[in-house]
Amino acid sequence: MTLTEQILTVAAVVVATMLTRFLPFLLIGNARETPAYIKYLGRMLPCAVFALLIVYCLRNVDLMTTPHGLPEIISIAATVSLHLLKRQMLLSIAGGTGLYMALVQFVF
């Protein structure tokens, strides 16, 4: 990259960062009560993100060849079980990911 391209890239990153930081305050203003659509997004977006992640992670699983998706199924079951037992999202994600890595490396 030339010096001009580097400066433009840094400027674009700075503008984008500032825009994402300031835009919510410009849109909502000084409202004391959180708008209903923001509350709705706060409830719905986590579920949508997890659904997207599940589809993304399982898109290349071939059920017709060995190991027939067993590491994925076992890891998903462990993740769900951990979440239902402990209600700690990071623990659930870390436990399921760790189990999947162990299964892929040492079992399947």
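Refer to the structure above for everything that follows.
Source: prediction; values computed, not measured.

Analysis parameters
Residues numbered from 1 in each chain as written. Predicted model: local features only at pLDDT ≥ 70, side-chain atom pairs only at ≥ 80, totals over all residues. Heavy atoms only, no water. Salt bridge = Lys/Arg side-chain N within 4 Å of Asp/Glu carboxyl O. Buried < 20%, exposed > 50% of the residue type's maximum accessible area, 1.4 Å probe, protein only. Helix = DSSP H or I, 4+ residues; strand = E, 2+ residues; numbered from the N terminus. Expected span 1.5 Å × (residues − 1). Bend = angle between axes of the 7 residues up to and from the residue. Phe/Tyr/Trp six-rings, centres within 6.5 Å; stacked < 30°, edge-to-face > 60°. Lys NZ or Arg CZ within 6 Å of the ring centre and 35° of its normal. Polar contact = N/O pair within 3.5 Å; in protein donor to acceptor, adjacent residues only side chain to side chain. Axes fitted to C-alpha atoms, helices over the stretch in contact; angles between N-to-C directions. Parallel < 35°, antiparallel > 145°, perpendicular 65-115°, else oblique. Left-handed = near helix turned anticlockwise from the far one by under 90°. Contact = heavy atoms within 4.5 Å. Nonpolar A, V, L, I, M, F, W, Y, C, P; charged D, E, K, R; others polar.

### Digging into the pattern of salt bridges
The final tally for this structure, using the stated rule, is one salt bridge. Glu-33 is the salt-bridge partner of Lys-39, the closest N and O atoms lying 2.6 Å from each other. Given a relative accessible area of 38%, Lys-39 falls into the partly exposed group.

### Here's the deal with helix α1 (residues 3-28)
Under the 1.5 Å per step criterion, the end-to-end length of α1 is 38 Å for 26 residues, consistent within 8% with the ideal 38 Å. At Phe-22, α1 is bent by approximately 35°, the largest bend along its length, and proline Pro-24 sits one to four residues beyond. Following α1 by one or two positions, Gly-29 adopts a phi angle in the positive range, close to 80°.

### Things to note about the packing of aromatic side chains
By the definition in use, this model includes zero aromatic pairs. Cation over ring: Arg-59 sits above Tyr-56, and NZ or CZ is 4.2 Å from the ring centre.

### A look at the side chain of Ser-75
As for its position among the elements, Ser-75 is in helix α3 (residues 70-86). A relative accessible area of 6% places Ser-75 in the buried class. A polar contact of 2.7 Å, which involves the side chain of Ser-75, links it to the backbone oxygen of Pro-71.

### A word on unusual backbone geometry
Along the chain, Thr-66 connects to Pro-67 via a cis peptide bond; the corresponding omega equals 10°. Turning to its location among the elements, Pro-67 is positioned in the loop between α2 (36-58) and α3. Not every positive phi belongs to a glycine, and His-68 is a case in point at roughly 60°. Counting through the fold element by element, His-68 comes out in the loop between α2 and α3. A relative accessible area of 39% places His-68 in the partly exposed class. Of note in this structure, Arg-87 is not a glycine but carries a positive phi near 55°. Note that Arg-87 resides in the loop between α3 and α4 (89-107).

### Some details on the packing of α3 against α4
It is the contact of α3 with α4, at a shortest axis distance of 8 Å, that shows an interaxial angle of 155°. Considered as vectors, α3 and α4 are oriented roughly antiparallel to each other. Considering only the axes of α3 and α4, their crossing is right-handed. Facing Pro-71, Glu-72, Ile-74, Ser-75, Ala-78, Thr-79, Leu-82, His-83 and Lys-86 of α3, the residues of α4 in contact are Met-89, Leu-91, Ser-92, Gly-95, Gly-96, Leu-99, Tyr-100, Leu-103 and Val-104. Its residues placed into classes, the contact of α3 with α4 shows ten nonpolar, six polar and two charged.

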